[in-house]
Amino acid sequence: MRRLALDDHRNIILAGFMGTGKTTVGRRLAKRLGRTFLDTDRIIEERQGRTISEIFQSEGEEYFRALEKELCEEIVQQGNAVVATGGGLFLDRDNRRTMSRSGIILRLACTPEAALERIGSGRNRPKVADDPTARVKQLLAEREPMYASLPFQIDTTGCALDQVVDDIVHVLSNVGKRLNVIPVSLPDGGGYSIAVGDGILDLVGPMLRNRKFTSRVAVVADENVAKLHADTAMESLRNSGFEPSLCVMPPGEQSKSHEHLLRLYGRFLEIGLDRKGVVVAIGGGVIGDLAGFAAASYMRGVALVHCPTTLLAMVDSSVGGKTGVDLPQGKNLVGAFKQPVFVISDTGTLASLPPREVRMGMAEVIKHTVIDDADLFMRMERESEALKLTPELIRRSVAVKVRVVETDLFEAGRREVLNLGHTVGHALEQVSGYRIGHGDAVAIGLVAVARMSAKMELTSPEVSDRIETLLVRYGFPVRHNCDLNAITAAMTADKKTLAGRVRFVLVRDVGTVEPGLQVPQEIIREVLDELRDPGGAA
Ligand SMILES: NC(=O)c1ccc[n+]([C@@H]2O[C@H](COP(=O)([O-])OP(=O)(O)OC[C@H]3O[C@@H](n4cnc5c(N)ncnc54)[C@H](O)[C@@H]3O)[C@@H](O)[C@H]2O)c1
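1. Side note on the sheet that holds strand E6 (residues 180-185)
- The sheet built from seven strands is open, its strands ordered E6-E7-E14-E11-E10-E8-E9 with mixed pairing. Of all the strands in the sheet, just E6 and strand E9 (244-249) have a single pairing partner and so form its edges. Each strand of the sheet is rotated relative to its neighbour by a mean of 20°, with strand direction disregarded.
- When E6 meets strand E7 (residues 191-197), the two strands line up antiparallel, connected through six bridges. Bridged to Pro183 within E7 is Ser193.

2. Notes on the site of the ligand
- Neighbouring residues of the ligand: 26 residues in total, closest Asp222, Glu253, Thr309, Thr310 and Ser352.
- A distance of 3.4 Å separates an oxygen atom of the ligand from a polar atom in the side chain of Asn332.
- Measuring from a nitrogen atom of the ligand, one finds a side-chain N or O atom of Ser352 at 2.7 Å.
- In the complex, the protein chains occlude 86% of the 870 Å² of accessible area that the ligand would expose alone.
- Listed by contribution, the elements that provide at least two residues to the shell around the ligand are helix H10 (223-228), helix H13 (285-297), helix H14 (311-317) and strand E13 (330-337).

3. As for the sheet that holds strand E4 (residues 103-109)
- Taken together, the five strands give an open sheet; going across it, the order is E2-E3-E1-E4-E5, and neighbouring strands pair in parallel fashion. In this open sheet, the two strands that pair with only one neighbour each are strand E2 (36-39) and strand E5 (152-155). Ignoring strand direction, the axes of neighbouring strands in this sheet form an average angle of 25°.
- Sheet topology note: the strand E1 (residues 11-16)/strand E3 (residues 81-84) ladder contains three bridges and is parallel. Its bridge partner lying in E3, Leu14 is registered against Ala84.

4. A few points about the environment of Thr20
- Topologically, Thr20 is positioned in the loop between E1 and helix H1 (22-33).
- The buried category is assigned to Thr20, whose relative accessible area is 2%.
- If near-sequence neighbours (up to four positions away) are discounted, Thr20 is found in contact with Leu108, Ala109, Cys110, Arg118 and Thr156.
- Among the polar contacts listed, one links the side chain of Thr20 to the backbone oxygen of Phe17, at a separation of 2.6 Å.

5. Re the pattern of salt bridges
- This structure, assessed with the given rule, holds 37 salt bridges.
- For Lys256, the salt bridge goes to Asp289, with nearest N and O atoms at 2.8 Å. Of this pair, Lys256 sits in the loop between E9 and helix H12 (258-270) while Asp289 sits in helix H13, and the two are 33 residues apart along the sequence. For the pair formed by Lys256 and Asp289, the shared burial category is buried.
- A salt bridge links Arg503 to Glu416, with the nearest nitrogen and oxygen atoms 3.8 Å apart. With a gap of 87 residues between them, Arg503 in the loop between helix H21 (484-493) and strand E15 (504-509) and Glu416 in the loop between helix H17 (391-407) and helix H18 (422-431) connect regions that are remote in the sequence.
- A residue is classified by how much of its surface remains accessible, and Arg503, at 25% relative accessible area, is partly exposed.
- Ionic contacts of the salt-bridge type, sharing partners, join the residues Lys69, Asp92, Arg93, Asp94, Arg97 and Glu406 into one network.

6. Observations regarding the packing of helix H4 (residues 61-77) against helix H5 (residues 93-102)
- Interaxial distance between H4 and H5 falls to 9 Å at its minimum, and their mutual angle equals 15°. One finds that H4 runs roughly parallel with respect to H5. For the crossing formed where H4 meets H5, the hand is left-handed. On H5, the residues touching Lys69, Cys72, Glu73, Ile75 and Val76 of H4 are Asp94, Asn95, Thr98, Met99, Arg101 and Ser102.
- Of the residues that constitute the contact of H4 with H5, the class distribution is four nonpolar, three polar and four charged.

7. So, the pairing of strand E8 (residues 217-222)
- Burial analysis of E8 places six of its six residues in the buried class, the great majority of the element.
- Alternating positions in E8 separate into two faces, Val217, Val219 and Ala221 on one and Ala218, Val220 and Asp222 on the other, with burial throughout.
- By the bridge criterion, six bridges tie E8 to E9 in an arrangement that is parallel. Each bridged residue has a counterpart across the sheet, and for Val219 the counterpart in E9 is Leu246.
- Both E8 and strand E10 (residues 278-283) contribute to a ladder of four bridges, which runs parallel. When the bridges of E10 are listed, Val217 appears paired with Val278.

Cut-offs and rules
Every chain begins its residue count from 1, and numbering advances along the sequence as written. Totals for whole chains, interfaces and linings use all residues, but because this is a predicted model, local features are given only for residues with pLDDT of at least 70 and pairs of side-chain atoms are given and counted only at 80 or more. Hydrogens and water are ignored here; the side-chain numbers use all heavy atoms of the structure. Should DSSP find at least two bridges between two strands, the strands are regarded as paired. The helix and strand labels rest on DSSP assignments: H or I over at least four residues marks a helix, E over at least two residues marks a strand, and numbering proceeds from the N terminus. Here an axis means a line fitted to C-alpha atoms, over the contact stretch when the element is a helix, while the angle between two N-to-C directions is reported on a 0 to 180 degree scale. One heavy atom within 4 Å of a molecule or strand makes the whole residue count as near it. We call two N or O atoms a polar contact when they sit within 3.5 Å, provided that within protein one can donate a hydrogen and the other can accept it, with sequence-adjacent residues counted only if both atoms are side-chain atoms. Shrake-Rupley sampling with a 1.4 Å probe provides the accessible areas, and residues are treated as covered by the protein chains on show and by no other component. Classification of residues uses two cut-offs on accessible area relative to the type maximum, computed with a 1.4 Å probe and protein chains only: under 20% is buried, over 50% is exposed, and between them is partly exposed. Contacts are assigned to residue pairs that have any heavy atoms within 4.5 Å of one another. For this analysis, a salt bridge means a side-chain nitrogen from Lys or Arg found within 4 Å of a carboxyl oxygen belonging to Asp or Glu. These descriptions rest on fixed angle ranges, namely under 35 degrees for roughly parallel, over 145 for roughly antiparallel, 65 to 115 for roughly perpendicular, and the rest for oblique. We call a crossing left-handed when the near helix sits turned anticlockwise from the far one by less than a right angle, and right-handed when that turn is clockwise. Asp, Glu, Lys and Arg are counted as charged, while Ala, Val, Leu, Ile, Met, Phe, Trp, Tyr, Cys and Pro are counted as nonpolar; the rest, among them Gly, fall into the polar class.

Rendered as structure tokens:
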């Protein structure tokens, strides 16, 4: 037997529509790999002593879905299994998250005709039993965006069983072990996967190929990243049969301009990027935002893949779909929401990142722990040294942002919590003429809101002290030396201000925050004054 490059304990989970062969393939795969085989539909039937159709008839679909959900929680505790899942199990966002934590998910796909042939009369398939031909086509079309969001796709149409098993083993051997996948669900039922791992940039070719992209690929990077990391991606794309062209931009925020956007469109035309083309953005938030916006607008939109290479881009800018460019009047004033096909966060690329840039991202990591990961915050407090930038750290931080953006894709509500520390932070950046870097400004902003929260008795002074102590331990300045009037004026002028009122995200506890709150002017000034120090950032 070929040795499987997948950690032994992680489950292999087969997802997909009914009739794609999950049970048959799963059983054979489990036998080949010497693993336990689990079939969620069969387990539920055995436990209930009834068929799925009978459960649907007597208790209804909701009851069945609740049983599926419980079973997912159980399976996550178990490892070393091949799991065939019910066709609707992945419709539930929580199940997608739970199963992603449990192992690697592969989607088995086939044409509606092939599915129909395997389903036959549709007996014990309550969702299609009344009219299999019509219902299969309709359901498959409805569920396709969700299935397409799963990280690996294996087409079983017309394939012999052993061929499908070979294909799966091939995918697992080549990529399985290196990936942690965070699923992102979108309101249309679709979504995409964020793959996090060390040394996974070379998966960009196989992952695009696996999704049946065949056209031209524009790889966009800035000069620094082009020298360091573009070769890996270019080679991976070439090895997977693509014809990639490199589009190099100057480094720095000045590239997020209309001038550079036009240059990029011009380059896309030059290399023959058509409507079926793909833009692969490799780099920090600047390239992600610029190439992302170019992908959103060029020929009314082409596919986008993010390969973030800064900590900030991994945990923040590549997640959530915001793209855009600056105007002379301000940052990010023109943009679009553009969701990628997938994201590859190769933590190995962070080894070449200058320490200053690591700090910029670390401010966002700490911000995320305060928003919604008290456990990670406490780990960071406990460890005597700064946590290493491992895939696990990145995964945890990304997961916080994913949980927030999933509930508010277009920034109409809950997403506001991501501005924690940014109201004061943006003002400090501006007032200092951008001498205070974004990360440092956010760190001071975090301390400011923690103190405001304590003064307003939303949280305890102890919580505020803990946040400040952690930021100091991670090397952030927590004092400023800027003019108080200038800071408050900049906060009032911020584009996120509503009807002239400054609203803050405040801290209730580590891991719990509340958006949209106003703070009395005297408390704002008191805190900004407390944080003012002649040796502070300015
Ligand atoms: N879209 C969003 O949701 C979102 C969120 C936050 C920030 N942003 C945007 O992100 C931008 C800032 O992103 P950033 O901090 O990543 O800056 P950046 O993209 O300018 O990258 C910082 C520097 O690091 C270099 N670099 C990148 N990867 C490297 C690597 N692996 N090794 C060595 N050098 C490397 C770059 O060449 C650049 O000089 C801002 O424009 C901001 O508006 C967007």
